[in-house]
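# Reading the structure
Here is what each chain is made of, one letter per residue.
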Amino acid sequence: MQLTPIFARLSQQPVLLVGAGLVARRKAAALARGGVRLVVVAPDVSPDIEDIVAASGGEIHREPYREAFIDGVQWVVAATDSSEVNRQVYQHATARGIQINVVDRPDLCSFTLPSVVHRDPLIIAIGSGGASPVLTRMIRSRIESAIPASFGDLAGLMAKFRGQVKQRLANLNLRRRLWQNVVDGPVAEAVFSGNPDLAERLLRESINAAEQQTTLPGEVFLVGAGPGDPDLLTVKALRCMQLADVVLYDNLVSPAILDMTRADAERIYVGKRASNHAMPQQEISQRLVALAQQGKRVLRLKGGDPFIFGRGGEEIELLAQHRVPFQVVPGITAAAGCGAYAGIPLTHRDCAQSVRFITGHLARDNSELPWRELVMPQQTVVFYMGLIGLPIIVERLLEHGLPASHPIALVEKGTLPEQRVVCGTLADIVHKVQTRGIGGPTLIIMGEVVALRDKLKWFDVDS
Ligand code: SAH
């Protein structure tokens, strides 16, 4: 079932509640909290429902449900213990185009009442489309404990000054920045520590200061988004993603991660698909500078870690030249992510005292890789961007003395649900990779540690 979350202003409007048992009581309380006028129809009504209805300014009809009750209302909740009566109410409501909720029957609901965390005026609503009330309750209790009660006070303070700020600060970016600093700075701190007067004074000062401001300082966040699994984002990465006004991303950043950036942020794709360069590196760097100079908070989101084969160094060089403030946020690099998710430790006391990350992207010829060093014993070698060059890499390594039995693995789409791992030796890896139709992105891990994978099988190994 697909549901669209909407907050409706039903204050003082009549909502018909058919039934007055335990479930109806819960619905009555939820509706009353939103300020509706409850009209309850039921032969027997418990005193606590009476109180809720009275407080809502509503009325009670102590009699069985009749069709006539539905006239004049736009919202109905059927919460009797008789599925027959509930169905009748449903039919009457749908015939008139009236919004209907039948308890425990998601298929008979044109609207549902979400599970709610109240931090008035802040409201957080949670729904599972009827899939699992237990799940929604669990999420609700997590949110309850994660959002202090004083968030409501903060929201109230912001509501109070919203109109004034809009009037005094014409620039949208300036306003946004002010509010971000409020929720993330001393004003919020003052509210949370129970000091509303100080909070208000600080907010007034911030507004005055913002009014004097003519230029908005821009900033660039160069953020590593990890190898793919959104759970591998760092807390700091997530914070930058929530702050940024504009996002520049490439194809190593998974859609699930991109979805976690601010919904209203502008998104610019600057990636490279295959050998087709969408935007030359120099242009990306210039773009970062230009956007920051417009006063924007710019997020440059990169797969893995920005400083490991991420050209992060080149991008910040230009920023530094133009004195644009920037922060670099490290990410989990593909080697760490793929190693962990494929069950291959990158170092091991017995067989690998060092690990080397190397690019397998062979430019013109292949002489540029330090083959003699790569065949040294007791090390793990991780090739980034090595899929296309794999046959040549294997050939050179054998020529330089590695045995054909030397273990090597290839991890495709590491840490993502589609991850595939191909394990083999220098003798058979090329054939295995070809027959399985492996595509990108892929990481190659070579060394005795690969053979440990079988020993460390704590999960289903797929090859
Ligand atoms: N900065 C990135 C690397 C960018 S270079 C990092 O730190 O991970 C691009 C290469 O990274 C790809 O060709 C591939 O070798 C590797 N890579 C990135 N994500 C990967 C993933 N999810 N699975 C396997 N390899 C990955």
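Around the ligand, the structure places 18 residues, and the nearest of them are D305, I308, T333, G414 and T442. Note that a nitrogen atom of the ligand is positioned 3.0 Å from one of the backbone N or O atoms of G303. Between T442 and the ligand, the recorded distance is 2.7 Å, taken from a backbone N or O atom to an oxygen atom. Calculation on the ligand without its partners gives an accessible area of 540 Å², and the protein chains cover 92% of this total. Mapped onto the shell around the ligand, the elements with two or more residues apiece are α13 (334–342) and β19 (442–446). Both of domain 3 (219–332) and domain 4 (335–456) provide at least three residues apiece to the shell around the ligand.

What follows concerns the side chain of K27. Turning to its location among the elements, K27 is positioned in helix α1 (residues 22–33). One buried charged residue, K27, forms no salt bridge at all, with the nearest opposite charge on D104 at 7.0 Å. Setting aside anything within four residues of it in sequence, one finds K27 in contact with L17, V77, N101, V103 and L113.

Looking now at a nonpolar patch on the surface. A grouping of F309, V355, F357 and M385 is seen on the molecular surface, where their side chains present a nonpolar patch of about 320 Å² in accessible area. Within the secondary structure layout, F357 lies in strand β15 (residues 354–359). Residue classification places F357 among the partly exposed residues on the basis of a relative accessible area of 31%.

Here we take up the domain arrangement of the chain. Segmentation of the chain into domains returns domain 1 (14–113), domain 2 (150–212), domain 3 (219–332) and domain 4 (335–456). Relative placement of domain 2 and domain 4: their C-alpha centres are 53 Å apart.

So, about the pattern of salt bridges. Counting across every chain of the model gives 28 salt bridges. A salt bridge links R300 to E315, with the shortest nitrogen-to-oxygen separation between them at 3.1 Å. Of the two residues, R300 is situated in strand β13 (residues 297–302) and E315 in helix α12 (residues 312–321); the sequence distance between them amounts to 15 residues. A relative accessible area of 0% places E315 in the buried class. Across the pair R356 and E373 runs a salt bridge, and its minimum N-O distance is 2.8 Å. Placement of R356 in strand β15 and of E373 in helix α14 (residues 371–374) is noted, with a sequence separation of 17 residues between them. The exposure class of E373 is partly exposed, given its relative accessible area of 39%. Overlapping salt bridges bring together R176, D245, R262 and D264 as one network.

Rules used in this analysis
- Residues numbered from 1 in each chain as written.
- Predicted model: local features only at pLDDT ≥ 70, side-chain atom pairs only at ≥ 80, totals over all residues.
- Heavy atoms only, no water.
- Near = heavy atom within 4 Å.
- Polar contact = N/O pair within 3.5 Å; in protein donor to acceptor, adjacent residues only side chain to side chain.
- Areas by Shrake-Rupley, 256 points an atom, 1.4 Å probe, with all protein chains shown as cover.
- Helix = DSSP H or I, 4+ residues; strand = E, 2+ residues; numbered from the N terminus.
- Domains from an automatic or database assignment.
- Buried < 20%, exposed > 50% of the residue type's maximum accessible area, 1.4 Å probe, protein only.
- Lys, Arg positive; Asp, Glu negative; His and termini not counted.
- Salt bridge = Lys/Arg side-chain N within 4 Å of Asp/Glu carboxyl O.
- Contact = heavy atoms within 4.5 Å.
- Patch = residues over 30% accessible without salt bridge, like charges linked within 9 Å, V, L, I, M, F, W, Y side chains within 5 Å.

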